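This is what each chain is made of:
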Amino acid sequence: RPALPRQVVSGTGVVQAGQTAQVVLPARWIPGTERHQLWCAGHPTLELAGALDYLLRYPYGCVEQTTSAALPLLYLADLAEQLQPGRMTRTDVTRYVDHGVQRLWSLQRPDGTFGQWSGAGDAYPWGTIYAGHFLVEAQRAGYDVAPDRLEATLERLESLLRASGPGQQNTAGWRQDRIRRAYACHVLALAERGDPGWISRLLEEVQWLPESARLHLAAAMALSGRRGDAGGLLTSLGPDTVTPVEPGANPTLESPTRAVALRLYAWLLVDPRHPEVASLARRLSERRIQGRWQTT
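To start, this report covers the structure provided alongside it. (Residues numbered from 1 in each chain as written. Predicted model: local features only at pLDDT ≥ 70, side-chain atom pairs only at ≥ 80, totals over all residues. Heavy atoms only, no water.)

### As for the overall build of the protein chain
- A tally of helices and strands in the protein chain yields 12 helices and 0 strands.
- In terms of C-alpha radius of gyration, the protein chain reaches 20 Å, essentially the compact-globule figure of 19 Å for 296 residues.
- C-alpha extents for the protein chain along the principal axes are approximately 60 × 45 × 40 Å.
- Counting all 296 residues of the protein chain, 41% fall into the buried class.
- Here the analysis covers contacts within the protein chain between residues at least 6 apart in sequence; of these, 63% occur between residues at least 24 apart. (Helix = DSSP H or I, 4+ residues; strand = E, 2+ residues; numbered from the N terminus. Rg over C-alpha atoms; globule rule 2.2 N^0.38 Å. Buried < 20%, exposed > 50% of the residue type's maximum accessible area, 1.4 Å probe, protein only. Contact = heavy atoms within 4.5 Å.)

In structure tokens, the structure reads:
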């Protein structure tokens, strides 16, 4: 085959009842090296198949990439066989999720944190929270998650909240610290061990918090039974807020696309029938390029 990495390109379209459509296949490949698949279904979830295929075939496996590939499968288990007919059954989904859990355990450090890669000398704070999020969700979905190892990670998230942070308010380091603390509050609330003290503290600082921190805070409040307060916080953001990415390092992996997804997630926790839900879902769908969102 060509001395180039494999490329996956996908796209979607809609054919109305009684009409026909012509599918034009990409033609930029070296002849003889291409493979094409056409999937058809009577429901709109099929358009997620290209993005799912991209994640499952992603060739790398750091803590973020592993978590990103496995997390959607927790929610798509019922649709997997419809999304990839004949290629993915519920058994296959379970195998992928179990593999993701085991891969994460190989990245876990003795103190319950996670390194970015196997054998990493330092913990990756944001990656630890993200992996913990997936593991809590996997346990809630009935997957085999070692209780002692998950407990070690949750204890580290509680330690993160107890630790002292940057003294100077509203600096780049302070904002990243607050994003991590808000996300830790979110994951701990999901695990039914929320920290009301830090939720209140972050709410007092809300005017200085970055958008993603506010969204994680709203999720933490909704999961802690404070849906009214969470809805008020989401409403205060306004409809067109765009997360600016800090110049230089981006240790919490901020992006405008993820901000839309987080806002949609938070509104679904607060009020699935809120008018913002349909608008955010549409905006998120429109951000796809060639069937996917370009990053894990």
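### Here's the deal with the nonpolar core
- In terms of nonpolar packing, the biggest core is built from 69 residues, with Val93, Val97, Leu104, Phe114, Phe134, Leu135 and Leu234 touching the most fellow members.
- In terms of residues, this core owes the most to one element, helix 7 (residues 172-190), which gives 10 residues.
- Ignoring any residue separated from it by four or fewer positions in sequence, one finds Val93 in contact with Leu73, Ala77, Ala80, Met88 and Tyr143. (Core = buried A, V, L, I, M, F, W, Y, C linked by side-chain atoms within 4.5 Å.)

### With respect to the packing of helix 7 against helix 8 (residues 196-204)
- Interaxial distance between helix 7 and helix 8 falls to 10 Å at its minimum, and their mutual angle equals 140°. Our classification of the angle between helix 7 and helix 8 gives oblique. Regarding helix 7 and helix 8, the two cross each other, and that crossing is left-handed. The residues of helix 8 that touch helix 7, namely those facing Arg178, Arg181, Ala182 and Cys185, are Trp198, Ile199, Arg201 and Leu202.
- Classifying every residue of the contact of helix 7 with helix 8 gives 5 nonpolar, no polar and 3 charged. (Axes fitted to C-alpha atoms, helices over the stretch in contact; angles between N-to-C directions. Parallel < 35°, antiparallel > 145°, perpendicular 65-115°, else oblique. Left-handed = near helix turned anticlockwise from the far one by under 90°. Nonpolar A, V, L, I, M, F, W, Y, C, P; charged D, E, K, R; others polar.)

### Some remarks on the packing of aromatic side chains
- For the structure shown, the criterion picks out 5 aromatic pairs.
- Both rings, one in Tyr54 and one in Tyr58, keep their centres 5.7 Å apart while their planes meet at 75°; by these two values the pair is edge-to-face.
- Classification of Tyr58 as partly exposed rests on a relative accessible area of 27%.
- With 6.4 Å between their ring centres and 45° between their planes, Tyr124 and Trp126 make a pair best called tilted. (Phe/Tyr/Trp six-rings, centres within 6.5 Å; stacked < 30°, edge-to-face > 60°.)

### Quick word on the environment of Trp29
- If you trace the backbone, Trp29 turns up in the segment before helix 1 (49-56).
- When the C-alpha positions of Trp29 and Pro2 are compared, they lie 9.9 Å apart, and in sequence the two are 27 residues distant.
- Filtering out sequence-adjacent residues up to four positions away, Trp29 remains in contact with Gln7, Val9, Glu34 and His36.

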